[in-house]
Structures are given as C-alpha cells and as structure tokens.
Amino acid sequence: MLEIKMPVIPGNKPNIVGKIDYSVGDKVDKDQVIFSVETAKGNRQIKSKEAGIIKEILVEEGNEVKANEVLVIVEEIGSEEETIKQENNIPEKKVLEVEINEKEISKDLLVIGAGPGGYVAAIYAAKRGLDVALIEKNSLGGTCLNVGCIPTKSLVQTADYFEALKSMNKFGIELNSGFEIDMKKVQARKNEVVSTLVSGIDFLLKKNNIQLISGNAEFVDNETVKVNETIIKAKNIVIATGSVPATLNVKGGDLPGVMDSTDALSLEEIPDSLTIIGGGVIGLEFAFIYNSFGSRVKLIEYQNYLLPMFDMEVAEEIRMIAEERGIQVLTSSKVQEISETVEGDLIVSFEKDGKMLSTVSNKILMATGRKANTEGLGLENTSMNVNEKSGNILVNEFKQTNVEHIYAIGDVSSNLKLAHLASHEGMVAVDHILGEKRELSEKNIPSVVYTNPELAIVGYSEEELKEKNIEYKSSRFDFVANGKALTMNQNRGFVKVLADKNGKLLGCSIIGPDASSLISSLTIALANNISVEELTHTVFAHPTTAEVIHEACLDFIGRGVHQ
Ligand code: FAD
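Numbering of residues starts from 1 in each chain and follows the order in which that chain's sequence is written. Reporting in this predicted model follows two pLDDT cut-offs: at least 70 for local features of residues, and 80 or more for side-chain atom pairs to be given and counted; totals over whole chains, interfaces and linings ignore these cut-offs and use all residues. For the side-chain quantities, the full set of heavy atoms in the structure was used; hydrogens and water were omitted.

So, on to the sheet that holds strand β17 (residues 273–277). Any two strands with at least two DSSP bridges between them are considered paired. Here a strand is any run of E in DSSP of at least two residues, a helix any run of H or I of at least four, and the numbering for each starts at the N terminus. In space, the five strands of this open sheet follow the order β16-β23-β17-β18-β19, with parallel pairing throughout. Looking at which strands have only one partner, the edges of the open sheet turn out to be β16 (258–259) and β19 (328–330). Bridge count for strand β18 (residues 296–300) against β19 is three bridges, and the pairing is parallel. Bridge pairing links lysine 298 to glutamine 328 in β19. Should any heavy atoms of two residues lie within 4.5 Å, those residues are counted as being in contact. Each axis is a line fitted through C-alpha atoms, taken for helices only over the stretch in contact, and angles between the N-to-C directions span 0 to 180 degrees. Packed on one face of the sheet, helix α8 (residues 281–293) meets β17, β18 and β23 (363–366) and runs near 165° to β18.

Dropping the structure here:
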C-alpha cells in the first residue's frame with residue numbers, strides 16, 4: 001500500500017484541501033493529480049507516486065491538513081492484492097477516461113475554444129467556483145499562442161537584436177567576425193517559446209480542475225453541444241472560437257508561394273523579395289521583420305494611408321520610417337490579380353491612380369485581416385444572431401448573445417481583434433453569469449504594433465475626435481529630447497496626448513522605444529479618469545522613456561520644460 005502524505009510547505013497559511021473528483025475504488029496513473037491543496041505557496045498538487053487503485057481518501061474537500069498527514073492510500077497495480085482481484089475478474093471503474101468514454105457531461109459552464117479568450121474565461125470561472133469544461137479542437141492557446149502574438153513577437157525580437165547589432169559600432173562595440181540570421185535556429189527558438197507557454201496553460205487547466213475535451217464542438221440546439229460522441233449540457237456556454245485569416249478573393253490568390261500569416265511565421269529560408277498585401281498591424285509587423293532579415297519588402301495597401309485605425313500622424317511617421325529602411329510602401333493600391341512567372345516568381349497586378357501596375361517577388365503574404373470563426377460550430381442549429389456582413393456573433397455589453405445563457409467573447413464577436421480584449425471579455429462574461437455587471441469600454445483598450453520603433457494607442461485618434469465633433473486640445477513630446485532614448489540610440493518618434501479643455505484624457509498615441517509598455521500608464525489614466533494635470537503632478541523616474549508622457553502633459557497645460 002502506498003501512503004500519499006501532505007508535503008511540508010513553509011508559511012503560516014493553513015493548507016486547505018480543494019475539490020476531490022476521485023472516489024475509493026478509482027484507478028489512478030503514476031503522477032496522476034488526485035486533488036490540489038491550497039497552501040501558503042499557492043496550489044500544491046497531490047499526485048499518486050505509482051499507478052494503482054484508491055483504497056482510502058482520508059480527507060474531505062475544505063479540510064485543513066497538516067504537513068506529513070496521510071491524505072490518500074493507494075494500492076499499487078501489480079501488488080499482491082491487485083493481482084488476486086484481476087485473477088478473480090473484478091471489474092475496474094474507469095473514471096480517468098471520462099473525456100473519451102463519458103457519453104453525457106453536465107457542467108456549470110462550458111467554454112468552446114482555448115485561445116486567450118476561452119482558456120482565461122475557463123480558469124477565471126473555475127477560480128470563482130464554477131464547474132467548467134473547455135473544448136478545443138487544435139492546440140491550447142489558440143491563435144495568439146500558436147500562430148499569432150507570441151510567435152510573431154519571437155521573430156520581432158530576433159529582428160530587433162539583429163538591427164541593434166547593425167549599429168553596435170555606435171556604442172563602441174566592434175563586431176569583427178560578422179553575424180547572420182540562422183532561420184532554423186530562429187524557428188526552433190520560436191517553437192520552444194510557444195510550447196513552453198502551451199504547456200503552462202495545460203498545467204493551469206489541470207490545477208484548476210477544468211475538464212479539457214479535445215475535438216470540434218458543434219451545437220445540436222441552444223442547450224446542447226456535441227463533441228464526437230459526447231453530449232455536453234451546461235447551465236451557461238461561452239463561445240470563444242476566435243478568427244481565421246480573411247483572404248482576398250482575387251485570381252491567383254491560391255497559387256503556391258502566396259502565404260497567410262501562419263505560413264509567414266514558419267519560413268525556414270529568408271525570401272529575397274516579399275510583397276505584403278495589407279498595411280494593417282499584421283502586414284506592418286511582418287514588413288519590419290523580413291526587412292530586417294534582408295528581404296526586399298513591398299507593402300501594398302488599398303486605403304490611402306497605413307494603419308487606418310491609428311492616429312494619422314503616427315501612421316505617417318511609421319510610413320516614413322519604413323521607407324527610410326527600404327520598405328516600399330504603395331497606398332491607394334487595389335490588388336486585381338496574382339500570377340506566376342515562368343521561373344516560379346509571383347506577380348501582383350494592382351491598380352493605382354487609374355493605372356495598372358505590377359510587382360514581382362519570390363513570396364506574397366496576404367495580410368488582409370481576419371474574420372470570425374464559426375465554421376463547423378453548428379450555429380444554424382441555434383437561434384443565435386450573427387452580423388451578416390462581418391460574421392461576428394452579436395452580443396450585448398456583457399458579451400451575452402440573444403440566447404440568454406450563451407455568451408460570445410474575443411475575435412468571434414469583436415471587431416477589435418486583440419488577445420487582451422478577448423481575455424477581458426471572458427472575465428466580463430463570467431462575472432455576468434455570476435450576477436455581476438461589469439462593462440468594458442473598447443475606448444480603454446490599448447493596441448500595439450510591434451514595428452521598430454513600436455506604436456501604441458489607447459482611446460480616440462485625432463481623426464475620430466474630428467469626425468465625432470468632440471472638442472479637444474493636443475500636445476506632443478518627441479523622443480529626440482529624452483535622455484534615455486538617446487542612450488538607447490532610439491530617438492525617433494513621439495507621444496501625443498489628446499484631452500478636452502478641462503484636461504480629461506480622450507486619447508493617446510505613442511511611436512517610439514518602449515511604446516508597448518508606456519501605453520499602460522496612459523491606459524490606467526484614461527480608464528480611471530486621471531486628468532492631464534494630475535499626470536503632471538505624478539513623478540516619473542529619471543532617466544526613463546516614460547518621461548515623455550510627463551513632458552507631453554506639462555506641455556498640454558503650457559508648462560513644458562524640455563521643449
Ligand atoms: P483564438 O485565439 O483564435 O482561439 C480560438 C480557439 O478556438 C482556437 O484554438 C480554435 O482551434 C478553437 N476552436 C474554434 N472553433 C472550435 C470548435 N468548433 N470547437 C472547438 N474548438 C474550436 N493580438 C494582440 O493582442 N497582440 C498581438 O501582438 C497580436 N499579434 C497577432 C499576430 C498575428 C500574426 C495574428 C494572426 C494575430 C495576432 N493577434 C494579436 C490577435 C490575437 O491572436 C487574437 O485577437 C486572439 O488570439 C483572439 O483570441 P480568441 O480566444 O478570441 O480566439
């Protein structure tokens with residue numbers, strides 16, 4: 001017999017037994033988590049050291065347990081008693097195979113899709129006491145972890161280090177032996193970062209007793225969801241099925257060499273030339289990555305400026321920087337067709353200013369946006385309303401659909417397709433399920449573009465304020481006068497603050513070093529009604545890039561010191 005004891009955990013907090021899903025007679029595998037105990041050092045999993053049958057559970061949920069106390073007794077498989085039982089053909093209970101064998105599952109909450117919307121909603125709900133199941137048909141982490149935010153930022157980091165190396169002599173560092181990109185290693189590192197994060201989610205789901213079911217979820221009706229042969233009924237359902245690339249429907253769009261963002265993340269060779277169709281966030285990030293790696297990059301955008309959702313002054317600045325770095329930017333250009341040369345290169349034909357033009361490159365990246373992913377979800381078997389144009393599932397401010405117990409969060413329901421928004425919407429939905437009404441204003445959601453330098457915005461852009469006839473004043477401070485930026489050799493860009501005449505913040509834009517981090521302090525100010533004047537009374541550490549925020553706010557009230 002194997003005695004499983006409470007380990008010694010330093011700290012004064014009592015050790016409290018969590019939810020126990022197993023009973024006496026159940027079979028457990030080696031290293032199987034039987035339950036968790038909340039301790040001073042977080043949740044500690046109580047595992048069986050060997051495969052066996054649970055003979056006794058000596059504690060109950062909510063009990064306080066002391067160090068070295070025996071919690072569970074397991075009879076190891078292969079022990080004398082077990083052999084006798086097997087010889088007598090005593091049937092075993094198969095609770096561990098619940099995911100595949102259980103025909104009908106009933107839960108407080110069912111979450112469909114394990115991207116940053118779904119997995120966060122599932123964990124948050126479990127922490128708040130709900131019994132949760134999560135269905136995922138691919139890999140944990142969804143688009144963001146597997147083919148979105150994280151892998152792109154891994155490539156961005158390589159590109160940024162590579163760029164920094166090119167200017168090392170400015171810092172007094174001579175790199176005599178040269179340096180180059182090894183794409184196989186770049187890919188291996190990217191994959192390692194992704195798999196570390198994916199296994200982290202797996203751990204968190206187990207720790208929080210969330211039942212993970214793999215397979216495609218399909219609604220049978222408003223109350224029932226089917227995965228393979230398993231039927232799941234839940235008091236509430238959160239749909240978090242994300243988005244898929246929205247490809248341009250042009251002739252030749254399916255030729256080999258025409259990539260979407262997922263393909264562009266996995267290239268093992270740097271293309272000599274790359275044409276990117278779409279000058280939005282994803283297109284621009286890839287333009288800077290492959291430009292750094294040495295590709296000749298052309299960016300074709302249908303609108304007459306890049307990043308249509310951003311403040312135009314910031315979008316114009318990044319266009320200028322992109323062009324200085326050798327990225328050819330073609331705006332107001334409508335792609336008509338893609339064809340192939342005899343050598344296998346790709347020709348993009350597009351219309352600009354009434355003329356037909358074309359460009360030839362080794363590869364093409366279609367970065368023309370993303371659309372809600374509802375394929376195979378069986379929405380036609382429900383009475384849920386969908387926006388016919390965008391395909392988004394329609395929701396109210398609490399992310400609730402027209403079917404009261406079904407919610408839709410993240411890319412599948414939002415126009416703004418961002419990972420942090422998806423996660424927050426998940427929490428808003430779970431709070432609403434539990435009777436708490438928490439609204440989330442899209443105007444307080446920051447957006448970042450990981451170009452070099454980075455761009456970040458929160459709130460209104462100047463163009464939006466003009467369009468809405470909202471009165472505003474603006475102020476700006478440039479990184480060129482910031483000491484820290486100069487030490488970093490990254491003095492391009494500025495911060496721009498928009499506020500009403502009383503100093504109530506309306507919107508902020510940053511282009512420059514650390515923009516992705518700096519936007520957080522302005523987001524806190526905007527979301528909590530901290531005025532421009534109050535920001536001027538806040539002390540920012542020196543020397544930091546954050547001092548540009550202080551200076552822009554000082555300038556807003558006519559007291560700018562450094563300009
Ligand atoms: P997803 O992450 O798409 O997850 C949905 C999950 O549902 C998927 O795992 C899918 O397999 C699963 N699923 C779908 N249908 C079913 C079904 N019927 N049954 C079971 N499972 C199903 N956002 C940022 O905030 N910052 C960034 O830097 C950033 N960079 C990006 C870079 C790229 C190249 C791309 C493509 C996107 C990027 N995004 C970024 C956007 C971000 O990835 C998404 O906004 C985010 O992943 C949305 O989360 P979600 O949970 O709504 O959906």
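Here the narrative resumes, following the displayed structure.
Attention now goes to the site of the ligand. Here a residue is considered near a molecule or strand provided that any single heavy atom belonging to it is located within 4 Å of it. In the vicinity of the ligand, 40 residues are found, and the nearest of them are Gly117, Glu136, Thr143, Lys153 and Ala419. Any pair of N or O atoms that falls within 3.5 Å is considered a polar contact. Within protein, one atom must be able to donate a hydrogen and the other to accept it, and sequence-neighbouring residues count only if both atoms are side-chain atoms. Within the contact set of the ligand, an oxygen atom lies 2.9 Å away from a backbone nitrogen or oxygen of alanine 419. Residue exposure ignores everything except the shown protein chains as possible cover, and the areas themselves are Shrake-Rupley values with a 1.4 Å probe. Considering the ligand on its own, with 1,000 Å² of exposed area, one finds that the protein chains cover 95% of that surface. Of all the secondary-structure elements, those providing two or more residues to the shell around the ligand are β10 (132–136), α4 (142–147), α5 (149–166) and α10 (419–433).

The share of residues in the protein with pLDDT of 70 or more is 95%, and the mean pLDDT across the chain is 92. Values of pLDDT, the confidence the predictor places in each residue, fall between 0 and 100. Taken together, the stretch residues 80–100 has pLDDT below 50 and engages in 32 contacts with residues farther than four places along the chain or on a different chain.

Here the focus is the side chain of lysine 496. With respect to the secondary-structure elements, lysine 496 resides in strand β29 (residues 494–499). Categorising residues by exposure relies on relative accessible area from a 1.4 Å probe, with only protein chains included: less than 20% of the type maximum marks a residue as buried, more than 50% marks it as exposed, and the intermediate range marks it as partly exposed. Its relative accessible area of 2% is what places lysine 496 among the buried residues. At 2.8 Å, the side chain of lysine 496 forms a polar contact with the side chain of aspartate 311. A polar side-chain atom of lysine 496 sits 2.6 Å from a polar atom in the side chain of glutamate 313.

Moving on: empty space enclosed by the protein. The rule is simple: put a 1 Å grid over the protein atoms alone, call a set of points where a 1.4 Å probe fits but cannot get out a cavity, call an open set with protein on both sides within 12 Å along at least five of seven lines a pocket, and count a residue as lining if it has an atom within 4 Å of a point. Grid points are joined across faces, edges and corners, and a volume is the space filled by probe spheres set on the points. According to the stated counting rule, one finds three cavities of 30 Å³ or more in the structure shown. Its boundaries defined by the atoms lining it, the largest cavity holds a volume of some 70 Å³. Residues were grouped as follows: Ala, Val, Leu, Ile, Met, Phe, Trp, Tyr, Cys and Pro as nonpolar; Asp, Glu, Lys and Arg as charged; and all remaining residues, including Gly, as polar. Residue composition of the lining of the largest cavity, grouped by class: five nonpolar, four polar and two charged. Each pocket or cavity is described by its volume, and for the second largest cavity that value is around 40 Å³. Val156, Ala159, Asp160, Phe288, Ile289, Ser292, Arg325, Tyr450, Thr451 and Asn452 together form the lining of the second largest cavity. Secondary structure elements with two or more residues in the lining of the second largest cavity: α5 and α8.

Attention now goes to helix α15 (residues 547–556). With respect to burial, α15 is a largely interior element, nine of its 10 residues being buried. Listed as buried for α15 are Glu547, Val548, Ile549, His550, Glu551, Ala552, Cys553, Leu554 and Phe556. For α15, the elements touching its buried residues are β28 (473–478), β29, α13 (515–527) and α14 (532–536).

This part covers the nonpolar core. Buried Ala, Val, Leu, Ile, Met, Phe, Trp, Tyr and Cys residues that are joined via side-chain atoms within 4.5 Å together make up what is termed a nonpolar core. By size, the foremost hydrophobic cluster in this structure holds 39 residues, and its most contacted members are Ile276, Tyr290 and Leu307. Secondary structure elements with two or more residues in this core: α5, α6 (183–207), β17, α8, β18, α9 (312–324) and β27 (454–459). In terms of residues, this core owes the most to one element, α8, which gives seven residues. Excluding its chain neighbours within four sequence positions, the residues that come into contact with tyrosine 290 are Met183, Ala264, Leu267, Pro271, Leu274, Ser295 and Val297. If you look at the next biggest cluster of nonpolar residues, it comprises 29 residues, including Ala125, Val132, Val194 and Leu205.

Quick look at the pattern of salt bridges now. We define a salt bridge as a contact between a side-chain nitrogen of Lys or Arg and a carboxyl oxygen of Asp or Glu at a distance within 4 Å. Evaluation of the coordinates by the stated rule reveals 22 salt bridges. Linking lysine 251 and glutamate 337 is a salt bridge whose minimum nitrogen-to-oxygen distance equals 3.7 Å. Of this pair, lysine 251 sits in the loop between β15 (243–245) and β16 while glutamate 337 sits in strand β20 (residues 333–340), placing them 86 residues apart in sequence. Salt bridges here are not isolated pairs; linked through shared partners, they connect Asp311, Glu313, Glu462, Arg476, Asp478 and Lys496.

Further remarks concern the sheet that holds strand β5 (residues 42–47). Taken in spatial order, the four strands of this open sheet run β5-β4-β2-β7, and their pairing is antiparallel. Two strands bound the open sheet, and with one partner strand each, they are β5 and β7 (64–65). In this structure, strand β4 (residues 33–39) lies alongside β5, joined through six bridges in antiparallel fashion. In the sheet register, valine 33 faces β5, and the bridge partner there is lysine 47.

Attention now moves to the packing of aromatic side chains. Pairing of aromatic rings covers Phe, Tyr and Trp, the last through its six-membered ring, and needs centres within 6.5 Å; plane angles under 30 degrees mean stacked, over 60 mean edge-to-face, and all others mean tilted. Within this structure, the stated rule accounts for three aromatic pairs. When the centroid spacing of 6.5 Å and the interplanar angle of 15° are considered together, the rings of phenylalanine 286 and tyrosine 290 count as stacked. Remark: tyrosine 290 and phenylalanine 286 occur in helix α8; sequence separation between them is four residues, near one turn of the helix. As far as burial versus exposure is concerned, phenylalanine 286 and tyrosine 290 are alike and both buried. Here a set of aromatic residues connected by ring pairs shows up, and it is made of Phe286, Tyr290 and Phe293. Lying across the ring of phenylalanine 556, lysine 473 places its NZ or CZ 4.5 Å from the centre. By definition, being over a ring means that NZ of Lys or CZ of Arg is both within 6 Å of the ring centre and within 35 degrees of the ring normal.

Let's shift gears to the packing of α5 against α6. Two elements in contact, α5 and α6, have axes separated by 9 Å at closest approach and are oriented at 140°. Compared by their axis directions, α5 and α6 come out oblique. Along this stretch, α5 crosses α6, giving a crossing that reads as right-handed. On α6, the residues touching Ile150, Pro151, Ser154, Leu155, Gln157 and Thr158 of α5 are Val186, Arg189, Lys190, Val193, Val194 and Leu197. Looking at the contact of α5 with α6, its residues break down into seven nonpolar, three polar and two charged. The labels follow the angle: roughly parallel below 35 degrees, roughly antiparallel above 145, roughly perpendicular from 65 to 115, and oblique for the rest. Crossings are sorted by hand: turned counterclockwise from the far helix by less than a right angle, the near helix makes the crossing left-handed, and turned clockwise it makes it right-handed.

Once that is clear, we can look at the environment of isoleucine 77. Mapping isoleucine 77 onto the fold places it in the loop between β8 (70–76) and α1 (80–87). Here isoleucine 77 falls in the partly exposed class, since its relative accessible area comes to 34%. Spatially, the C-alpha atom of isoleucine 77 lies 4.5 Å from that of glycine 52, the residues being 25 residues apart in sequence.

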